[in-house]
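Residues per chain, in single letters:
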Amino acid sequence: MAVIGDVGNGVLTGLIGAGIGPSLSPALHEREAAELGLRCLYRRLDLDYLGLPATAVGDLLRAARLTGFTGLNITHPAKQLVIGHLDELSADAAALGAVNTVVFTEGGAVGHNTDWSGFARSLSRGLPNVPLDRVVLLGAGGAGAAVAHGLLTLGTGAVHVLDLDAGRAEDLAESLRRRFGADRAVAGGLDSGPAAALAAADGLVHATPVGMAAHPGLPVPAESLRPQLWVADVVYRPLETELVRTARARGCRVLDGGGMAVFQAADAFRLFTGCEPDADRMLRHFETLVTDPGGPRVHAAR
């Protein structure tokens, strides 16, 4: 299906979400487009700045399409809410029940999810050859669902999903079992703590807000981070979360959230433009952005 909203060799794209002023997505997309000889304008549609509730995502989607946008990234708190306003879902977005990328085509608005592939590529690159027999996942929201699908697609034996809402954890585990097999996912609540699950795990992936600038802290007891455990965080604001810092100090192999942020952006860029981005170049640009003290603050656009 042909993509609408492109003018010549240019594309107009953007991001819908709350509190997205410091997002790095505009810089990442616009710089990569320039490197490829494309014109790209990437605009923030910040719900907080506009004074709109998350339920306004459908109105923003329609306005963007009428304005000539090629597509939009979608982040918190609208990844699930946007689904009711789309004409079609990719298989991955339908399985995840969450959309972070919408492409406008002649046939309508098509929802995709590049979070799961972004995480899978980041893990494969940043922690190659780590054991994947059993992995504990903290968080069963949109990011957690994407991580779980990425882990199982990479061949993880079983994912142990933990969430403060035990029902939500079980819902995610059940969807994983339907797609990947009856023995591939189990669920539990966080009320009794993750120590027992971590004692039997090869790795830990953290996908809750704990550790973000607005939610500082450590999501698990430091003593549960034994050196044999690898640890990955999807948070990248800040890049060096307390979990990443503590796990590294305790001898764990660690992965911060920067790679997932870049790779999901690269996959979205491909959907928007039809052009193949240079992910290595985007990673270098990301590193420049997050280490430049005069540059924008980091915000997850997932």
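Here's what I pulled together on the structure shown here. In this text, all values refer to a predicted model and were calculated from it rather than measured experimentally.

**Re the sheet that holds strand β1 (residues 10-17)**
As summarised here, the arrangement of the six strands in space is β2-β1-β3-β5-β6-β4, forming an open sheet in which the pairing is mixed. Edge positions in the sheet fall to β2 (39-46) and β4 (88-89), since each of these pairs with one other strand and no more. Judged from the two bridges that link them, β4 and strand β6 (residues 108-112) form a sheet pairing that is parallel. In the strand pairing of β6, L89 is matched with G111. Contacts from helix α10 (residues 258-273) reach β1, β3 (71-74), β5 (101-105) and β6, with the element oriented near 5° to β5.

**Brief notes about the sheet that holds strand β12 (residues 254-255)**
Each strand in a sheet pairs with another by means of backbone hydrogen bonds, the pair being arranged parallel or else antiparallel. Spatially, six strands are ordered β9-β8-β7-β10-β11-β12 in an open sheet, and the strand pairing comes out parallel. On the outer flanks of this sheet lie β9 (185-189) and β12, each paired with one strand and no other. The strands touched by helix α6 (residues 142-153) within the sheet are β7 (134-138), β8 (158-163), β10 (203-206) and β11 (230-233), with β7 carrying the most contacts at an inclination of about 170°.

**Examining the packing of helix α5 (residues 115-126) against α10**
At a minimum axis separation of 7 Å, α5 and α10 run at an interaxial angle of 130°. The angle between the axes of α5 and α10 places the two elements in the oblique class. Classified by chirality, the crossing of α10 by α5 is right-handed. Touching D115, S117, G118, F119, R121, S122 and R125 of α5 are G259, M260, F263, Q264, A266, D267 and R270, all from α10. The class makeup of the residues in the contact of α5 with α10 is four nonpolar, five polar and five charged.

So, how was this worked out
Residues numbered from 1 in each chain as written. Predicted model: local features only at pLDDT ≥ 70, side-chain atom pairs only at ≥ 80, totals over all residues. Heavy atoms only, no water. Pairing = 2+ DSSP bridges. Helix = DSSP H or I, 4+ residues; strand = E, 2+ residues; numbered from the N terminus. Contact = heavy atoms within 4.5 Å. Axes fitted to C-alpha atoms, helices over the stretch in contact; angles between N-to-C directions. Parallel < 35°, antiparallel > 145°, perpendicular 65-115°, else oblique. Left-handed = near helix turned anticlockwise from the far one by under 90°. Nonpolar A, V, L, I, M, F, W, Y, C, P; charged D, E, K, R; others polar.

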